[in-house]
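# Structural description and commentary
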Amino acid sequence: MKKTQNLKFLWMIIIGITGCACDDFTEVNLPQTQLTGEAVYQDEVTATAALMNIYAKIRENGLISGNADGLSQLMGLYSDELVYYGAATSPMDGFFNHTLMPSNDYIASLWRNGYSQIYATNALLEGLSNSSGINSIIRDRLRGEALFIRALLHFYLTNLYGDIPYITTTDYLINSQAFRMPSKILYDKIRNDLKEAKELLPNQYLGANRVRVNKATTQALLARVYLYQRQWEMAEWEATAVLNNTALYSMERDLNMVFLKNSSSTIWQLHSGIAGANTIEARYFIFTSGPPAVVAVSKNLINAFENNDLRKQHWLKSVTTGNNTWHHPYKYKQNINTGVAQEYSIIFRLEEQYLIRAEARAHQNNLIDAQKDLNKVRNRAGLIDNSATTQQDLLQDILQERSLEFFTEMGHRWFDLERTKQAAKVLAPIKPAWQNSDSLLPLPESELLLNTNLQPQNQGY
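Remember, it's a predicted structure, so these values are computed and weren't measured experimentally.

### Side note on the overall build of the protein
- From N to C terminus, the protein includes 20 helices and 6 strands.
- Against the globule reference of 23 Å for 461 residues, the protein gives a C-alpha radius of gyration of 22 Å, in line with a compact fold.
- Projected onto the principal axes, the alpha-carbon positions of the protein cover approximately 65 × 50 × 50 Å.
- Restricting the contact set of the protein to residue pairs at least 6 apart, pairs at least 24 apart contribute 70%.
- Of the roughly 19200 Å² of accessible surface on the protein, a fraction of 51% belongs to carbon and sulfur atoms.
- Here the protein carries 43 positive and 46 negative side-chain charges, and the mean point of each set is 2 Å from the other.

Structure, rendered in structure tokens:
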């Protein structure tokens, strides 16, 4: 009887987290003893609860969280998107001024939270592999989601730190002595995890609001991975697979609807976690008087928009105090509890797939179709068709479009500058302390002390 009551309680948690029918729930963190041990993975309900806990941790802390130590904030400061107004003693100052040290707290938290969440996915994967009590269809879905999460976290970590360990076990001795792997091997492992996840995951979402990954989510990340690796044909192939899924996805024509939780362009988003709560991003970015307490949008970004670009009107908001005006990101507009949540944190959306395919096609000299994809994003923003006549000009225009479409979204701008080798050209004139070694973050000092196999430190630190 007691076991039955516990399972009913866990099932109520899962219904809330997956957002199956409504927004009315309050997240309850399961005790650690309920998330570990073989018994968790002998039952669908408790195994699913363990996965939901991973989603919650990803939302609250680390790489793709909307918090101060997430990529949207830190890499927005590191690139040309955000200006820092906070205390010079904050670890954020080092990101903005390019004066990072291996002892920086946020350098450590990005690494620590990323690998902690990877450890949790490995625990889930190991538990599922030894499970005989879960239906194979459910087990495959859970495994596919965990593989996707593991690949995603490693993808971000390697693009921040360069060569890193790819962790696939919970064995403490193995992990404590892990070696860094060359990026080529890392990308092979990322692709392998994603390919398996793609085969395991169904096309349809489980529950409402697209808060659990499906097959198209893995295809979206694969398209990005292939783009970063300059495998243009494969990037185009995976992006096309998502774009052709018109039964699920379409581009929102109204810019004010793009970041709502029911947006048709959303591929995957993170539930807000509490009934009526909206995004961490809005709570962090929005301010109502100046000067800003922490960050504001840079003048470089403001000036990059064409005057008639509707994104400047709808996705930025000005705040004037006296003779001074600042701007903050206004993609997410609800920074208070609204009773029923209106916005969730979007991680993948359809517009990226159009611009991935545009770039991939341009590199294959298919300029006409590349411009068609680019123009879908431009036209939605109220802009006329692109007029580039050369491959080089078109590629630069696509990069510019990405900077305007994805500003302050999980480091897109920084990663674009770095992968296209334009970081020094863009940032050196506006970041006095810029050095070419800034293309990678330093490895956390604390991690190098714990595991000497992570040596040497990245160049320049």
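### Overview of the layout of surface pockets
- Its volume calculated, the largest pocket comes out at about 720 Å³.
- Lining the largest pocket are 26 residues, and of these Y228, E418, R419, T420 and K421 lie nearest its centre.
- When contributions to the lining of the largest pocket are tallied by element, the ones reaching two or more residues are α7 (136-161), α9 (183-200), α10 (215-228), α15 (350-363), α17 (391-405) and α18 (412-419).
- Broken down by element, the lining of the largest pocket gets its largest block of residues, 5 residues, from α17.

### Focus: the side chain of H328
- With respect to the helices and strands, the residue H328 is situated in strand β5 (residues 324-329).
- The class for H328 is buried, based on a relative accessible area of 1%.
- In contact with H328, other than residues within four places in its own chain, are F285, I286, F287, V297, W315, L316, K317 and V319.

### Some points on α7
- Given a rise of 1.5 Å per residue, 26 residues ought to cover 38 Å, and the 37 Å separating the end C-alpha atoms of α7 matches this to within 8%.
- Among the 26 residues of α7, 20 are classified as buried, and the element is accordingly described as predominantly covered.
- At the C-terminal side of α7, G162 shows a positive phi close to 85°.

### Notes on the nonpolar core
- Counting 125 residues, the largest nonpolar core has I64, F95, F148, Y161, W268 and L441 as the members making the most contacts within it.
- By residue number, the principal contributor to this core is α7, which donates 13 residues.
- When near neighbours in sequence (up to four residues on either side) are disregarded, I64 contacts I58, L152, Y156, W268, L270, I347 and M410.

### Digging into the packing of aromatic side chains
- Under the definition given, this model contains 18 aromatic pairs.
- Note on Y284 and F285: the rings are 5.4 Å apart at their centroids and 75° apart in plane angle, and the pair reads as edge-to-face. Here Y284 matches F285 in class, with each residue buried.
- Among the aromatic residues, those joined into a cluster by ring pairs are F155, Y156, Y187, Y228 and F415.
- Lying over the aromatic face of F407, K331 brings its terminal NZ or CZ to 4.0 Å of the ring centre.

### Side note on the packing of α15 against helix α16 (residues 367-380)
- Running from amino to carboxyl end, α15 crosses α16 at an angle of 155°, the nearest separation of the two axes being 7 Å. Put simply, α15 runs roughly antiparallel to α16. Handedness of the α15/α16 crossing: left-handed. The segment α15 lies against α16, with E351, Y354, L355, R357, A358, R361 and A362 engaging L367, D369, A370, D373, L374, K376, V377 and R380.
- Residues of the contact of α15 with α16, tallied by class, amount to 8 nonpolar, no polar and 7 charged.

### Here's the deal with the packing of helix α6 (residues 105-129) against α7
- It is the contact of α6 with α7, at a shortest axis distance of 9 Å, that shows an interaxial angle of 155°. In terms of orientation, α6 and α7 fall into the roughly antiparallel class. The two elements α6 and α7 meet at a crossing, and its hand is left-handed. Where α6 approaches α7, its residues I107, L110, W111, G114, Y115, Q117, I118, T121, N122, L124, L125 and L128 are matched on the opposing element by R139, L142, R143, A146, L147, I149, R150, L153, H154, L157, L160 and Y161.
- When its residues are assigned to classes, the contact of α6 with α7 shows 16 nonpolar, 5 polar and 3 charged.

Quick notes on the rules
- Residues numbered from 1 in each chain as written.
- Predicted model: local features only at pLDDT ≥ 70, side-chain atom pairs only at ≥ 80, totals over all residues.
- Heavy atoms only, no water.
- Helix = DSSP H or I, 4+ residues; strand = E, 2+ residues; numbered from the N terminus.
- Rg over C-alpha atoms; globule rule 2.2 N^0.38 Å.
- Contact = heavy atoms within 4.5 Å.
- Areas by Shrake-Rupley, 256 points an atom, 1.4 Å probe, with all protein chains shown as cover.
- Lys, Arg positive; Asp, Glu negative; His and termini not counted.
- Charge placed at Lys NZ, Arg CZ, Asp CG, Glu CD.
- 1 Å grid on protein atoms, 1.4 Å probe; cavity = no way out; pocket = protein on both sides within 12 Å on 5 of 7 lines; lining within 4 Å.
- Points joined across faces, edges and corners; volume = space filled by probe spheres on them.
- Buried < 20%, exposed > 50% of the residue type's maximum accessible area, 1.4 Å probe, protein only.
- Expected span 1.5 Å × (residues − 1).
- Core = buried A, V, L, I, M, F, W, Y, C linked by side-chain atoms within 4.5 Å.
- Phe/Tyr/Trp six-rings, centres within 6.5 Å; stacked < 30°, edge-to-face > 60°.
- Lys NZ or Arg CZ within 6 Å of the ring centre and 35° of its normal.
- Axes fitted to C-alpha atoms, helices over the stretch in contact; angles between N-to-C directions.
- Parallel < 35°, antiparallel > 145°, perpendicular 65-115°, else oblique.
- Left-handed = near helix turned anticlockwise from the far one by under 90°.
- Nonpolar A, V, L, I, M, F, W, Y, C, P; charged D, E, K, R; others polar.

Remember, this is a structural readout, not a statement about activity or role.
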